[in-house]
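# Structure assessment
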Amino acid sequence: MTGIRTRGVNARTAPMEIRDAVTRYLQRRRYDAEPRWPLVFSVRWPDQRTLTAQAPDWHRANNALREWAQCQGCPVTNKHRLMVTPVELIDTVTVVDEQTALRIADRASARHYRKARQRIDLLVDECSIPRDTAASVAKMLDDESDVDVTLVIRAAQFFGTHDATGLTPRQVPLAGFSAKWLDQTHRRNVICTLCGKDSLGLSDRPPELRMRWLDPAYSNEPEMMITRPWRPGGDRDICYVIIVENKDTYQSMPDIAHGLCVWGAGKAILASIALLLPWLTTARPDDGDDSSPQVVYWGDMDADGLEILDAVRHTGVRCKSLFMDLEAYQSYSWFGTNLTSTSTPLTSREPKATPTLDFGERELYLLTCGEAVGQSGESGLSDGPTHLRVEQERIPLIDAADALRSLGWPITANNDKETQ
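These lines cover the structure that appears in this document, whether it is placed above or below. As the structure is a computational prediction, the values presented were derived from the model and not from experiment.

## Comments concerning the overall build of the protein chain
Helix and strand counts for the protein chain come out as 14 helices and 11 strands. Whereas a compact globule of 420 residues would reach a radius of gyration of roughly 22 Å, the protein chain reaches 32 Å, over 25% beyond that. Summarising its shape, the C-alpha atoms of the protein chain cover approximately 105 × 65 × 30 Å along the three principal directions. Residue burial in the protein chain is summarised as follows: out of 420 residues, 46% are buried. Sequence separation of 24 or more characterises 64% of the internal contacts of the protein chain that already satisfy a separation of 6 or more.

Okay, here's the thing in structure tokens:
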């Protein structure tokens, strides 16, 4: 029987090797439009001398393989060999089709394979698309739940007959959907594939940036929410700008004469920082030029925080960092954690290029990616990090105030917020 010829299997361990090979095949090919069958396994036997010397053992192996193949519904072919007397040894074992393979493979792989094939069939039936397109889409939906796959199909049917150009993902009138469901770019890409469109024409929500005055002269003024490019006007003389990652720190920053606090909201700052450009790109963090503000970025001591710092600098904002280097980590690592907000473990990651980080920042970045840094006896971190994250809110504000004073920032002495 012709088919996919696989590498040979040892006669004594053939059932186990065939099962493992079939399992791998199902894992690799579950999203093929039409997986190829049959799979033909050649059986390897020893040389004539070994067969003759160990004839009883090889007879048992031959009979065990024949019995296993018959039980699984796998046809075999034979070849003649001599083991004292002429015998018929199994030459090939054939896994003839998908159902046979599913009987042989381990249960988990068989279950995943069936699920993938069912999704391909569902996409073909519901969306009237070619099978190869359905297979590609099913692979894109591998991590989605069955409920979300059904929602993808319903959304594709909607966009196939409706024009939502100009709406944000949350404004699309999809009945029965969470407004946030379309926020994921991955899902929108899948829907485009199903509809045969390059784009759904949706608009991104405009970036927002929250800021508040730190100057005591304006302490009674409400915070600002900006959605358009902004720069200070009138007689407002802003000399100090601090961008903080987290809301608690933003709300608790101490009073600073001629100061402004910007809430970066983590990675959201990478979109919203454009609202303060080009004003902030003229900032000079340490040369004492009174004509432009000094800027400090203060985020979490973790890999994400340092990547955000690097990205902010890439926009042209020249800023110092606060508590985001190896020295700060050594002082505050006991505040750290190795768990996410959902109590799942933080994991190490492959470091990225971060050309704007200075030496101490880069050392901390490597450490929070999971690498050992420094020399034993110097940093004490040559065996790797104690914690992968030290969150900004854990650091006492009185320490932040002292650090900013050391940069020359005019923080009012004994500010009540410093003790919070």
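Moving on from the coordinates now.
## Considerations on the packing of aromatic side chains
Enumeration over the complete set of coordinates arrives at 13 aromatic pairs. Note on Phe323 and Tyr332: the rings are 5.4 Å apart at their centroids and 70° apart in plane angle, and the pair reads as edge-to-face. Judged on exposure class, the residue Phe323 and its partner Tyr332 are both buried. Just above the ring of Tyr250 sits the side chain of Arg212; from NZ or CZ to the centre is 5.9 Å.

## Regarding the side chain of Glu307
Checked against the element boundaries, Glu307 lands in helix α11 (residues 303-314). In terms of polar contacts, Glu307 uses its side chain to reach the side chain of Tyr365, at 2.7 Å. With near-sequence residues (within four places) excluded, Glu307 lies in contact with Arg349, Lys352 and Tyr365.

## What to know about helix α6 (residues 131-140)
Because each turn of an α-helix spans 3.6 residues, side chains separated by three or four positions in sequence point in the same direction. Listed in full, the buried residues belonging to α6 are Ala134, Ala135, Val137 and Ala138. Buried residues of α6, viewed axially, fall in a sector of 165°; they line one side. Seen from the open side of α6, the exposed residues pointing more than 90 degrees away from its buried face are Asp132 and Lys139. Tucked into the core, α6 has its buried residues touching α5 (107-127) and α8 (185-195).

## Concerning the packing of α5 against helix α7 (residues 146-161)
A pair of packed helices is characterised by two quantities: the angle between their axes and the separation of those axes. Following both chains from N to C, one finds α5 and α7 inclined at 20°, their axes separated by 11 Å at the closest point. The angle between α5 and α7 places the two elements in the roughly parallel class. Seen along the crossing, α5 lies across α7 with a hand that is right-handed. Taken together, the residues of α7 that come into contact with α5 (itself represented by Lys115, Arg119, Leu122, Leu123, Glu126 and Cys127) are Asp146, Val149, Ile153 and Gln157. Tallied by class, the residues present in the contact of α5 with α7 amount to five nonpolar, one polar and four charged.

## Observations concerning the pairing of strand β8 (residues 240-244)
Within β8, five of the five residues are buried, leaving the element largely enclosed by the surrounding structure. The alternating pattern of β8 places Tyr240, Ile242 and Val244 on one face and Val241 and Ile243 on the opposite face, and all of these are buried. Across five bridges, the pairing between β8 and strand β9 (residues 259-263) is parallel. Considered in β9, the bridge of Tyr240 is made with Gly259. With helix α9 (residues 247-252) bridging β8 and its parallel neighbour β9, the resulting β-α-β unit is right-handed. The pairing of β8 with strand β10 (residues 294-298) spans five bridges and is classified as parallel. For Ile242, the partnering residue across the bridge sits in β10 and is Val296.

## Comments concerning the pattern of salt bridges
Applying the stated criterion across every chain yields a total of 21 salt bridges. Of the charged contacts in the structure, one is a salt bridge between Glu34 and Arg131, with a shortest N-O distance of 3.3 Å. In this pair, Glu34 sits in the loop between α1 (14-29) and β3 (39-44) while Arg131 sits in helix α6, placing the two residues 97 residues apart along the sequence. A relative accessible area of 57% places Glu34 in the exposed class. Among the residues examined, Arg131 registers a relative accessible area of 26% and is labelled partly exposed. One salt bridge in this structure joins Glu361 and Arg313, with 2.7 Å as the shortest N-O distance. Here Glu361 is found in helix α13 (residues 359-368), whereas its partner Arg313 is found in helix α11, with 48 residues between them in sequence.

Rules and cut-offs
- Residues numbered from 1 in each chain as written.
- Predicted model: local features only at pLDDT ≥ 70, side-chain atom pairs only at ≥ 80, totals over all residues.
- Heavy atoms only, no water.
- Helix = DSSP H or I, 4+ residues; strand = E, 2+ residues; numbered from the N terminus.
- Rg over C-alpha atoms; globule rule 2.2 N^0.38 Å.
- Buried < 20%, exposed > 50% of the residue type's maximum accessible area, 1.4 Å probe, protein only.
- Contact = heavy atoms within 4.5 Å.
- Phe/Tyr/Trp six-rings, centres within 6.5 Å; stacked < 30°, edge-to-face > 60°.
- Lys NZ or Arg CZ within 6 Å of the ring centre and 35° of its normal.
- Polar contact = N/O pair within 3.5 Å; in protein donor to acceptor, adjacent residues only side chain to side chain.
- Arc of directions from axis to C-beta.
- Axes fitted to C-alpha atoms, helices over the stretch in contact; angles between N-to-C directions.
- Parallel < 35°, antiparallel > 145°, perpendicular 65-115°, else oblique.
- Left-handed = near helix turned anticlockwise from the far one by under 90°.
- Nonpolar A, V, L, I, M, F, W, Y, C, P; charged D, E, K, R; others polar.
- Pairing = 2+ DSSP bridges.
- Right-handed = clockwise from strand over helix to strand, strands pointing away.
- Salt bridge = Lys/Arg side-chain N within 4 Å of Asp/Glu carboxyl O.

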